[in-house]
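Coordinate analysis (summary)
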There are 2 protein chains.
Amino acid sequence: MPLPRQVFIAVIGAGGVGKCFLSQLHHLATKLSQSPAAPTYLSLIYLSTSKKALYHNDYKSLSNWESELQASSTTPLSLTQLAEYLIKAPGKVVLVDNTSNQEVADSYPQFLKQGVSLVTPNKKAFSGSYGLWQDIFAAASNGNGSGGWVFHESSVGAGLPVISTLKDLVETGDEVQKIEGVFSGTMSFLFNSFQPVNGGGGKFSAEVKTAKDKGFTEPDPRDDLNGLDVARKLTILARLAGLKVESPTSFPVQSLIPKELESCSSGDEFLSKLPEFDGQMDKLKADAEKEGKVVRFVGSVDVPKGQVKVGLEKFDKSHPIAALKGSDNIIAFYTKRYGDNPLIIQGAGAGGEVTAMGVTGDLVKVLRLLQ
Amino acid sequence: MPLPRQVFIAVIGAGGVGKCFLSQLHHLATKLSQSPAAPTYLSLIYLSTSKKALYHNDYKSLSNWESELQASSTTPLSLTQLAEYLIKAPGKVVLVDNTSNQEVADSYPQFLKQGVSLVTPNKKAFSGSYGLWQDIFAAASNGNGSGGWVFHESSVGAGLPVISTLKDLVETGDEVQKIEGVFSGTMSFLFNSFQPVNGGGGKFSAEVKTAKDKGFTEPDPRDDLNGLDVARKLTILARLAGLKVESPTSFPVQSLIPKELESCSSGDEFLSKLPEFDGQMDKLKADAEKEGKVVRFVGSVDVPKGQVKVGLEKFDKSHPIAALKGSDNIIAFYTKRYGDNPLIIQGAGAGGEVTAMGVTGDLVKVLRLLQ
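Just so it is clear, the structure is predicted and the values come from calculations on it, not from any experiment.

1. Observations concerning the UniProt feature "binding site: NADPH" (unreviewed entry) in chain A
All names here are of chain A. As recorded in UniProt, the sites labelled "binding site: NADPH" (unreviewed entry) are Thr99 and Lys123. In summary, the annotated positions, though distributed over 25 residues, converge in three dimensions, the widest C-alpha pair being only 9.3 Å. Mapped onto the elements of the fold, Thr99 is located in the loop between β4 (92-97) and α4 (102-106). Taking relative accessible area as the criterion, Thr99 reaches 19% and is therefore assigned buried. With residues near it in sequence (within four places) discarded, Thr99 still touches Ile12, Gly13, Val104 and Asn122. In this structure, Lys123 sits in the loop between β5 (117-119) and α6 (124-127). Setting aside residues up to four positions removed in sequence, Lys123 forms contacts with Ser155, Asp229, Arg232, Lys233 and Ile236.

Below you can see the structure in the form of structure tokens.
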């Protein structure tokens, strides 16, 4: 069963993750084409940003996409047009969605139904409405359907093997009792700096500013501090563990944006006023310290109780979550088989290269399945 | 692309891991047969121990295997006979080798060449001679061949996603610089008890005895203390990272069996004399303590230098390897993409259920590929 000789790849998004992916794709395509036994040729037949696109009506492979995309005056195809274009391709097609766009996510069932496979780090598709989740997996071959394959390892923990591990646990019949961890590189950095295990740490508002300056936050740090990013990841994990979570706002999510600052009109205004609330955060820190603990921003899923929550928790200083470094993620799976000591996965959970790695790894899996 | 409607399963070995696997197989078969869209029927058509076997010449599914195996007077097929039997099965076949037998391992290329897929926790096949490694992957579809698929996640770290993660790193083009960790549940327990991070701990010989009494060692604890089990796992990881390691004895492996006790004629004699060497171990412990460190038994692969080694090392008390608990394994991948903070996987790396889980997880992957 050699790999297929040619597979067509379409890529939406050429930002931070997208650029890293395209570079990894080039590496992969070169390697696969040189396999002595069963060479596979990957052809990039579509590449788009929000404003521009590159493609040939005869499905000729794109080359020099970086310069050509800059020079291009072609506008992107609508999602319906893109589906028509891909379905007529003379071979199997994998669509790589490197955006975080809801509209693209909403179109997944259409692509899958028509046999296009999908790999993506886009959280929106899997953490939006439960209806969309059902539609995606009703269409996909790795669901109940007979359409394309869909993989989204990078939607939680970037390239860390979080989703594949949870799927393995569930599929092999383990009972997942609890999933707990730090799921945001930003939150990890903020709290590892705010309250290091060995003492010290700065004011919370100052750490937010440092994180923003280092590029560890979204352009507007409120997009991290509201907890929604973590809530989306927990929604995905809870659903994979078998819970019918309606949406990322259907369970308790603690926002670190003080009520009084919710009406700030800009991120800058928010940042300038945040120091007024440092006292509240200092108190949390001191209270934890009194118990020999530290404060961390975590998410957890209690499967038997059907509970999902996101927010601040206190941890013993010897707990693996307390000992986390830099902007690392940590995810602990407590299951029947693993007993008291959970299965733990830890490492960088954000960044272009490692996120793209999860996408490329998924692409390799799909290529194997598309024999 | 629905899953195949029927796949035949043959299982060699019904010991600790084998029994757990058969129970997980039953669970998986029930679930797959009930899939509304594309039911798959798994038929167990062969089951053997070293002395007995169960199978029907007409490939009828085995049932009540536990009682029937006990009552059986059928001897196992030779590996050549087994290959003949499986090749004539009216459908795709997966052979599950739940032994640690070298002879079975040596036969993998034959099975693979003839289209039989293989899943196994048997380290012998992947850590034996480099020639056998090459023959296996020259034959397999996930190598350079066009035969069956071969997966062996449980050959390192039991059900922990160690091998799949390393493969993903390599296949997506990351540069693995170093792999380091505690790869033996026995060694983990021994050193976590001998020198806990917070002080205390017993004499080394007493901890070995405790580990044996708790069933954490092989029947003869020398089979753990000689380091060969860890060396086998490191051989597998080093090869996956691209190094041509000739055998598990072709690099430095520190044995914890004192030279003077190498000639002991039994495990019991060894255990009775081991206390005479506690002074040496106490000195190692005290030396580490002076540096604020603890002693651990680790394996490491330095990929750029092409070096593999297994033995005692000292670690800062804040190092994740020092903080390990119970009999957990920990594996850290240092790569170009992950930078200073490695990708870490941690959890139980031994035990029937979690080892079988790795095998069952591999079986699920093969079933997807056998569409």
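2. A few points about the interface of chain B and chain A
Facing the 48 residues of chain B at the interface are 48 residues of chain A. Our count for the contact surface shared by chain B and chain A stands at 6 salt bridges. The residue Glu171 of chain B makes a salt bridge to Arg368 of chain A at a minimum N-O spacing of 2.6 Å. Within the residue set of the side of chain B that touches chain A, elements represented by two or more residues are α1 (16-33), α8 (162-171), β11 (343-348) and α15 (352-369) of chain B. No other element matches the 9 residues that α15 of chain B contributes to the side of chain B that touches chain A. As defined by bridge partners, strand β11 (residues 343-348) of chain A adjoins β11 of chain B across 3 bridges and the pair is classed as antiparallel. The partner of Gln346 of chain A across the bridge, within β11 of chain B, is Ile344 of chain B.

3. Remarks on the sheet that holds strand β2 (residues 41-48) of chain A
Residue and element names in this part refer to chain A. What the 6 strands build is an open sheet, ordered β3-β2-β1-β4-β5-β6; its pairing is mixed. Looking at which strands have only one partner, the edges of the open sheet turn out to be β3 (53-55) and β6 (150-151). With 3 bridges connecting them, β4 and β5 associate as parallel partners. Looking at the pairing, Val94 lines up with Ser117 of β5. Relative to the sheet, helix α3 (residues 79-87) contacts β1 (6-12), β2, β3 and β4, its axis offset from that of β2 by approximately 160°.

4. Re the relation of the copies chain B and chain A
Relative to chain A, chain B is turned by 180° and slid 0.0 Å along the rotation axis, the superposed coordinates differing by an RMSD of 0.0 Å. Within this description, the copies of the chain are treated as partners about a two-fold rotation axis. Proximity to the rotation axis, assessed at the C-alpha, singles out Ile345 of chain B in chain B; its C-alpha lies 2.4 Å from the axis. Interface residue correspondence from chain B to chain A reaches 100%, placing this contact among same-surface, isologous pairings.

5. What to know about helix α1 (residues 16-33) of chain A
For α1 of chain A, with 18 residues, the first-to-last C-alpha span of 26 Å sits near the 26 Å given by 1.5 Å per residue. Listed as buried for α1 of chain A are Gly18, Cys20, Phe21, Leu22, Gln24, Leu25, Leu28, Ala29 and Leu32 of chain A. Looking at the packing, one finds that the buried side of α1 of chain A touches β1, β2, α2 (65-71), β4 and α15 (352-369) of chain A together with α8 of chain B.

6. A short note on the packing of aromatic side chains
Residue and element names in this part refer to chain A. Summed over the entire model, instances satisfying the criterion amount to 24 aromatic pairs over all chains. Here Phe126 and Trp133 contribute two aromatic rings whose centre-to-centre distance is 6.4 Å and whose plane-to-plane angle is 90°, an arrangement assigned as edge-to-face. Aromatic pair Phe189 and Phe216: ring centres 4.8 Å apart, planes at 80°, arrangement edge-to-face. Taken together, the positions of Phe189 in helix α9 (residues 185-194) and Phe216 in the loop between α10 (204-213) and α11 (222-225) put the pair 27 residues apart, joining distant regions of the chain. Directly above the aromatic system of Tyr334 lies the positively charged group of Lys178, at a separation of 5.0 Å from the ring centroid. Of note, Lys285 hangs over the ring of Phe194, and the distance from its end group to the ring centre comes to 4.6 Å.

7. Some thoughts on the nonpolar core
When a protein is soluble and globular, its nonpolar side chains tend to lie buried together. Ranked by internal contacts, the top residues of the largest apolar core, which has 176 residues, are Leu86, Ile179 and Phe191 of chain A together with Leu86, Ile179 and Phe191 of chain B. Not counting residues within four places of it along the chain, the set of residues in contact with Phe191 of chain B comprises Pro196, Phe204, Leu256, Met281, Val295, Arg296, Phe297 and Leu312 of chain B. Counting residues in hydrophobic clusters, the runner-up holds 62 residues, among them Phe21 and Val364 of chain A together with Val11 and Trp149 of chain B.

8. Some thoughts on the UniProt feature "binding site: L-homoserine" (unreviewed entry) in chain A
Residues and elements named next belong to chain A. Under the UniProt annotation, "binding site: L-homoserine" (unreviewed entry) lies at Glu218. Examined against the element boundaries, Glu218 turns out to sit in the loop between α10 and α11. The contacts of Glu218, once residues within four sequence positions are left out, are Asp223 and Asp224.

9. Some details on the environment of Val294 of chain B
Residue and element names in this part refer to chain B. Note on placement: Val294 falls in strand β8 (residues 293-302). What makes Val294 buried here is its relative accessible area of 0%. Residues Val294 and Gln346, spaced 52 residues apart in sequence, show a C-alpha to C-alpha distance of 19 Å. Contact partners of Val294, with chain neighbours within four places excluded, come to Gln195, Pro196, Val197, Ala288, Glu313, Lys314, Phe315, Lys317 and Ala322.

10. A look at the domain arrangement of chain A
All names here are of chain A. Along its sequence, chain A is organised into domain 1 (5-159 + 353-370) and domain 2 (164-348). Using only C-alpha atoms to locate each centre, domain 1 and domain 2 end up separated by 30 Å. Tallying the contact residues gives 16 residues for domain 1 and 19 residues for domain 2. Of the roughly 1500 Å² buried at the junction of domain 1 and domain 2 (both faces included), carbon and sulfur atoms supply 61%. A per-residue breakdown of the area domain 1 buries against domain 2 is headed by Ser127, Tyr130 and Val156, which together make up 39% of the total. Taken together, the connections running from domain 1 to domain 2 amount to 1 salt bridge. Across the pair Lys123 and Asp229 runs a salt bridge, and its minimum N-O distance is 3.2 Å. Counting across the interface, domain 1 meets domain 2 through 6 residue pairs in polar contact (both at pLDDT 80 or more). Elements with a minimum of two residues in the side of domain 1 that touches domain 2: α6 and α7 (130-139).

What counts, and where the lines are drawn
In this convention, every chain numbers its residues from 1, walking through the sequence in written order. Whichever chain is written first becomes A and whichever ligand is written first becomes 1, with later ones labelled in order. The model is predicted, so local features are restricted to residues of pLDDT at least 70 and side-chain atom pairs to those at 80 or more, both for listing and for counting; the totals for chains, interfaces and linings are taken over all residues. Values shown for side chains rest on all heavy atoms present in the structure; no hydrogens or waters enter the calculation. UniProt positions are given in the numbering used here, feature names are shortened, and annotations may be inferred rather than shown by experiment. Here a strand is any run of E in DSSP of at least two residues, a helix any run of H or I of at least four, and the numbering for each starts at the N terminus. Burial classes: relative accessible area under 20% of the type maximum marks a residue as buried, over 50% as exposed, and values in between as partly exposed (1.4 Å probe, protein chains only). Throughout, a contact is declared for two residues whenever any of their heavy atoms are within 4.5 Å. Only one rule defines a salt bridge in this text: a Lys or Arg side-chain nitrogen within 4 Å of an Asp or Glu carboxyl oxygen. The rule for pairing is simple: two strands pair if DSSP sees at least two bridges between them. Axes, fitted as lines to C-alpha atoms, cover a helix only where it is in contact. Angles between the N-to-C directions of the axes lie from 0 to 180 degrees. Copies are brought into register by a least-squares superposition over C-alpha atoms of residues with pLDDT of at least 70 in both. The span expected for a helix works out to 1.5 Å for each residue beyond the first. Planes of paired rings set the category: under 30 degrees apart is stacked, over 60 is edge-to-face and the rest tilted, where pairs are Phe, Tyr or Trp rings (Trp by its six-membered ring) whose centres lie within 6.5 Å. Lysine and arginine charges are scored as sitting over a ring when NZ or CZ, respectively, is within 6 Å of the ring centre and within 35 degrees of the ring normal. Joining through side-chain atoms within 4.5 Å is the link that ties buried Ala, Val, Leu, Ile, Met, Phe, Trp, Tyr and Cys residues into a set, and such a set is a nonpolar core. Per the annotation, domain bounds derive from an automatic or database assignment of domains. By definition, the buried area sums, over both parts, the 1.4 Å-probe accessible area that each loses when the two are put together. In protein, a polar contact means a hydrogen-donor-capable atom and an acceptor-capable atom, both N or O and within 3.5 Å, with residues adjacent in sequence counting only if both atoms are side-chain atoms; elsewhere, any N or O pair within 3.5 Å suffices.

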